[in-house]
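One-letter residues, chain by chain:
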Amino acid sequence: TENHQLKTYAVARVKRAVMSDDEYTSKGFDFDHFHKDSLAVYREGEIAKVEINIKEPIASYISERQWHPSQRSVRTASGVRLTLEVRVNDELVRWILGMGSNAEVVGPQALRDRMSEEISRLSGAYTKRAS
């Protein structure tokens, strides 16, 4: 853009594209640098050392895949302890929630609190209603 601010677009929301004869040349954009502190694409939130205990049956799957360059996995009696240096944001919370009860955030405390709040909201949404 004219003010040299980086913008992120969701390809699925693009309504129309037109082929141009102009050649694109990057002005120093480095995706690895852009992505280094995020689990995926969100760049909001403070960077923190995140520790998650993950139980089987998904512990092996999680530890065998590289989710982030900072990732460290240590085998435990019940699965693995995954450590990441990433931004704490909604994207991270949703990723952890996707592991269900097989994952427990050990730290930081602010992320544990955030997980607890989100789980409470989810629980409320699924509480049985009187017919």
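Because the structure is predicted, anything quoted here is derived from the model rather than measured.

(A) A look at the overall build of the chain. Across its full length, the chain carries four helices and four strands. The N-to-C order of helical and strand elements in the chain reads α-β-α-β-β-α-β-α. Across the 131 residues of the chain, 27% fall into the buried class. Taking as baseline every contact in the chain between residues at least 6 positions apart, the subset at least 24 positions apart corresponds to 63%.

(B) Examining the pattern of salt bridges more closely. One pass over the structure, following the stated rule, counts five salt bridges. Across the salt bridge formed by Arg75 and Glu56, the nearest N and O atoms sit 3.2 Å from each other. Residue Arg75 is found in strand S2 (residues 72-75), and its partner Glu56 is found in the loop between strand S1 (47-55) and helix H2 (59-64); the two are separated by 19 residues along the sequence. Here Glu104 makes a salt bridge to Arg112, at a shortest N to O gap of 3.0 Å.

(C) Here's a closer look at the nonpolar core. Val50, Ile52, Ile54, Leu92, Trp95, Ile96 and Leu111 are the most contacted members of the largest nonpolar core, which has 21 residues in total. Apart from the residues within four sequence positions on either side, Ile54 is in contact with Ala59, Ile62, Ser78, Gly79, Val80, Leu82, Met99, Asn102 and Ala103.

(D) The arrangement of the sheet that holds S1 in detail. The four strands lie next to each other as S2-S3-S1-S4, forming an open sheet whose pairing is antiparallel. Each of the sheet's edge strands pairs with one partner strand only, and the pair in question is S2 and strand S4 (103-107). The sheet shows a mean angle of 25° between the axes of neighbouring strands, taken without regard to direction. Across the sheet, helix H4 (residues 109-125) touches S1 and S4, and the angle it forms with S4 is around 145°.

(E) Local environment of the packing of helix H3 (residues 90-97) against H4. With their axes 11 Å apart at the nearest point, H3 and H4 run at an angle of 65° to one another. Both H3 and H4 take part in a crossing whose hand is right-handed. Contact residues: Asp90, Leu92, Val93, Ile96 and Leu97 in H3; Leu111, Arg114, Met115, Glu118, Ile119 and Leu122 in H4. Looking at side-chain class alone, the contact of H3 with H4 contains eight nonpolar, no polar and three charged residues.

Thresholds, definitions, all that
- Residues numbered from 1 in each chain as written.
- Predicted model: local features only at pLDDT ≥ 70, side-chain atom pairs only at ≥ 80, totals over all residues.
- Heavy atoms only, no water.
- Helix = DSSP H or I, 4+ residues; strand = E, 2+ residues; numbered from the N terminus.
- Buried < 20%, exposed > 50% of the residue type's maximum accessible area, 1.4 Å probe, protein only.
- Contact = heavy atoms within 4.5 Å.
- Salt bridge = Lys/Arg side-chain N within 4 Å of Asp/Glu carboxyl O.
- Core = buried A, V, L, I, M, F, W, Y, C linked by side-chain atoms within 4.5 Å.
- Pairing = 2+ DSSP bridges.
- Axes fitted to C-alpha atoms, helices over the stretch in contact; angles between N-to-C directions.
- Left-handed = near helix turned anticlockwise from the far one by under 90°.
- Nonpolar A, V, L, I, M, F, W, Y, C, P; charged D, E, K, R; others polar.

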